[in-house]
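Breakdown of the fold
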Amino acid sequence: MTESYQELLVALEELKRQFATWQQTGVVSQPQHARIELLYSKWGAELDPSLDYTSVLPSPRAVADSQKPLEVERRRLLFIEQEIRRQGSQQRITPAQVETMASQIATRRQAVESKLEDVNGEESLSEIQLTPDTGEAPKGRSLVEYLLDPRSLQALMATGGALLMLGLAIWLWSIGVFDNPMTVAFCLGGANLGLLAAGASMVRYSRYQTAGRAITLLACLVLPLNLWFYDAQGLITIKDGGHLWVPALICCAVYAGVARLLKDSMFVYTLVAGVTMTGLLFLADQSIDRFWEILGPSVFMVVLGAACVHVERLFHTGEGPFNRENFGRAFFLAGHVVMAVGLMVLLAGRLVGDFYEPVFANWVSFTEPSVTVAQSAKLISLLLTLLATYTYAYSQVATATREKRYAYLSVFSLLWSEVILLNLLNVPTTEGLWLLVLASTGLIAAVASGFWRKGGEAVEQLSRVFGSVGTGCTGLAVAWGAVALLRGLFVPAGSIASFPLDLLYMAGMVIAAAGCVVGGRMSQLRGHTRTADVLQYAAGLPLVGAAVALVVSLGVSSLALVLPLAMIAPVALAVTARVLGREDWTDTLHRPAVAATLLLLGLSVGVVTGFAAAPAVLVAKEHLALTIFYAAAAGLLGVGSMRSRQSVPLVAAGISACAAVWQLLAAAGLAEYAPLLAASTVGLATMAIARRKDRTEGDPVDRLATVGAVIVLFGSLGGLLMTMGRLLAGNEELPLIALAAGQGLAALLSSLISTSRDWKTTSRTLAGLHVLAGVLVANVMAPLSVWERTELVAVASGLLLLAAGHVRWRREGERRDPTVDLQLFAGSLLSAGPLVLGLLAQRFTEYAPAWEAMAVLNELGALLVGLLLLGAGVLCRVRVTTLVGAGSLTAWVVSLVALVDLPELQSAAVYMMIGGGAFFAAAVLLSIYRDRLLALPQKVRQHEGVFRVLDWR
């Protein structure tokens, strides 16, 4: 392997790295870098390690051994500089790029050479910049290096040139040179051409490429000032019939020659601008006199721009300066700029014409533009917009870019063409008509994208353009239709913001829905899944608009009656999808049905809140109609959620079912508490269905159960908030107690149905809160004293403690739980004690409760609680409940004597007979049972006979 081979291989790698750095910093383009990278990679692969490549590299110089690394670096940089200029001579990079890159490498090479010339050249090579230049200024550069940087020179020359021309103009004016116009004209023209020739010569015959181009560009920019000078000094004036376009044509020839001579695409823009200026001056010529008309300049600039756009294809795609990437691209962009200016002139003229009478007639002196009056001018305007539509669509195909800016411009031009066509045909324009036109455009574009879906690359690109056009137009039509629907339903007729939901709107919405379906299908075939999903769901909105417009046109004004009739459309669509059975078309049809149902549900909010233009109070017929609507929506969304496994339709189905029950209860006259009762009912039914499904299908985590639990939760919370709110407002009533009882029962049943431990805890808590709320309402409504309220609270607390104690007693096992003892003891006393005391007070004192129910509670409560405690104690073998229950029954029986009505005069005798009889009976009984009574203490101590109860817990 020769030493020259190694040096050349390293130099080539360094060169490739340097070009990669320049590509990252934007000095060279990506295609240029790719071509040069391929060229040097191929060259390096073809090198033979056994050959001598000394002649390829720059000649070495004799240096000391310590300076050999510097010499190698110098030769490498010189080689890179030579290769840069060789690539420029072969037109792979532009002269401006050559100047920039070569100056950077030359700066580095000069630094290395200065080290070589230094007597003390022992310094390390690392002090010199040996890494590829990144385009940024290195640290420690001198002022001279900053000044000689190509970008600094360009800025200095641009600033100096501008100041020079400004100073020259001021100086010429101050010395009165303008007094001799002809002389000044020749001097200015000669100086301008001389400056142009000097700049071009510097580019062609010197290495000062940047300076030469700057001078040439400055001369080209100053050249049109000569035309202004001719007109300002009266040499060639338009108003006197002078042909000022002739020297403008000469300027165009100069621009073309400069671009051809310098091979720089930057001068293409000056050429196109010069041609535009020449054409406008030609229109301003007195013999033509079309400059101040809207149509003349717009026709010229639109046609010129379209021609420049197509000129791009005349250039080849190979290497060299006159290729499609350089000169062709410049013509393409310049043409679009000129055409855009022409279209803006045309648009401004049409806007002024359309609003001439209401806005401009009293403020301006010119007449109404002909582009909105004359039929021929309208026809020409239509042709111009159609040409713009084609040119933008062609540009989207020609650029083959993922950006859709030309496609959207094509959409705008096409819509504009349709507007001009309707104006040309003298069709009365309404908002509904524009909506119909927009929707029709979207549908036609979507269908056209399907026809051209298969073919070559250009055809497929055109298909994508039409697909973008269709999606854009359809999306605008859908959004516009949604706003129009809200205006038609909720804005009173006759208002400035109202909108008629007529047959024209219905037709536009039908076409928009078809455009969404077709566009979604085409996007699905092209693999754009997200766009297809959005369009399929968006089809529901125009479907709703068309259905509502149809029902309204039939004379139905109440939105409560419109909704169930409009619901027929999504139901029919869902049934059609079900009948077809094809997987691809099922989504295409079922998704719009689901979206339409959700939108109708949203519109129904306006009915139930009273915001819609409908009767303030709904009658039974409207409640039943809404019941049918909500039931149909619940069924459709429920089936859709089971099929798509999505949560939103399922939640909406649950809400719809609640609304259906609500409206049914409202029709039955239970409107006040209907929403809460409906939520509890539907929630329980949903949880029951989920529990049944869980048993049959084995799905432990069912979405139905979650939705049902959430509905029950919201119903319970709503009931609690209503109860507490009315309590605070002082509006308590008996139905609130029934509501609390019903919702408490619903929460308790949901805890039994649910398989979730968390929900069981939550629902039981809710049930307890409902019981508490009911008790609070009853407490406020009942005319009770403090002692009576205390009695009720104590009895309720005792019963709860008894229930809890028996539950824990059942679960405690062999080991005794002290808590059970406490609960049973306290529960027995609290539940029976207050009732017995109340009973005795009623029977033996003058106490009479103000609330009759309280007296009944004392009478029956003592008996029932005593029986309950005695029975529970005997069955469960619990001592305290048995004894308390027996005591309660004894008190109740003994106190019956108070109910005996004795005559007032014989009370003493009766009391004596009763006392004597009691003593006599006691004595007889003691004599009869003497032996048993004597043995009684022993039986008590040994817990024998009936006293075995003392062995119980």
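To be clear, the structure that these remarks concern was listed above.
We now turn to the structure provided with this report. Small disclaimer: the values here were computed from a predicted structure and weren't measured. (Residues numbered from 1 in each chain as written. Predicted model: local features only at pLDDT ≥ 70, side-chain atom pairs only at ≥ 80, totals over all residues. Heavy atoms only, no water.)

Let's shift gears to the side chain of Thr-474. As for its position among the elements, Thr-474 is in helix α17 (residues 457-490). A polar side-chain atom of Thr-474 sits 2.7 Å from the main-chain carbonyl oxygen of Gly-470. Those residues in contact with Thr-474 that sit more than four places away from it in its chain are Gly-442, Leu-443, Ala-512, Gly-515 and Cys-516. (Helix = DSSP H or I, 4+ residues; strand = E, 2+ residues; numbered from the N terminus. Polar contact = N/O pair within 3.5 Å; in protein donor to acceptor, adjacent residues only side chain to side chain. Contact = heavy atoms within 4.5 Å.)

Taken as a whole, this structure holds 13 salt bridges when the rule is applied. Residues Arg-17 and Glu-14 are paired through a salt bridge, measuring 2.7 Å at the closest nitrogen-oxygen approach. Of this pair, Arg-17 and Glu-14 are both found in helix α1 (residues 3-24), 3 residues apart, which corresponds to roughly one turn of the helix. We note a salt bridge from Arg-76 to Glu-73, for which the minimum N-O separation is 3.0 Å. Taken together, the positions of Arg-76 and Glu-73, both in helix α3 (residues 68-89) and 3 residues apart, correspond to about one turn of that helix. A relative accessible area of 4% places Glu-73 in the buried class. Shared partners join several salt bridges into a network, and the residues in it are Glu-14, Arg-17, Glu-73, Arg-76 and Arg-108. (Salt bridge = Lys/Arg side-chain N within 4 Å of Asp/Glu carboxyl O. Buried < 20%, exposed > 50% of the residue type's maximum accessible area, 1.4 Å probe, protein only.)

The next subject is the packing of helix α25 (residues 647-667) against helix α27 (residues 703-729). Contact geometry for α25 and α27: axes closest at 10 Å, N-to-C directions at 45 degrees. Taken together, α25 and α27 sit at an angle that is classed as oblique. Regarding α25 and α27, the two cross each other, and that crossing is right-handed. Listed contacts from α27 to Ser-647, Leu-650, Val-651, Gly-654 and Cys-658 of α25 are Arg-703, Leu-704, Val-707 and Ile-711. In terms of residue class, the contact of α25 with α27 is made up of 6 nonpolar, 2 polar and 1 charged. (Axes fitted to C-alpha atoms, helices over the stretch in contact; angles between N-to-C directions. Parallel < 35°, antiparallel > 145°, perpendicular 65-115°, else oblique. Left-handed = near helix turned anticlockwise from the far one by under 90°. Nonpolar A, V, L, I, M, F, W, Y, C, P; charged D, E, K, R; others polar.)

As a further point, take the environment of Val-469. On the secondary structure map, Val-469 appears in helix α17. Look at Val-469 and you get buried, because its relative accessible area is 5%. The spatial distance from the C-alpha of Val-469 to the C-alpha of Phe-412 is 9.1 Å, given a sequence separation of 57 residues. The residues contacting Val-469, other than those within four sequence positions of it, are Ala-407, Val-411 and Ala-445.

This brings us to helix α11 (residues 295-311). In this model, α11 (17 residues) spans 24 Å end to end at C-alpha, consistent with the 24 Å of a helix rising 1.5 Å per residue. Those residues of α11 lying buried are Leu-295, Gly-296, Pro-297, Ser-298, Met-301, Val-302, Leu-304, Gly-305, Ala-306, Cys-308 and Val-309. Buried residues in α11 make contact with α10 (266-284), α12 (324-354) and α14 (375-399). (Expected span 1.5 Å × (residues − 1).)

Before going further, it helps to spend a moment on the nonpolar core. Counting 54 residues, the largest nonpolar core has Tyr-505, Val-548 and Leu-600 as the members making the most contacts within it. By residue number, the principal contributor to this core is α17, which donates 8 residues. Of all hydrophobic cores here, the second largest spans 26 residues; its members include Val-27, Ile-80, Ile-93 and Met-101. (Core = buried A, V, L, I, M, F, W, Y, C linked by side-chain atoms within 4.5 Å.)

Turning our attention to helix α15 (residues 405-424). Across its 20 residues, α15 extends 28 Å between first and last C-alpha, which sits within 8% of the 28 Å expected from 1.5 Å per residue. Those residues of α15 not exposed but buried are Tyr-406, Ala-407, Ser-410, Val-411, Ser-413, Leu-415, Trp-416, Ser-417, Glu-418, Ile-420, Leu-422 and Leu-424. Of the residues flanking the end of α15, it is Asn-426, one or two places downstream, whose phi is positive at about 60 degrees.

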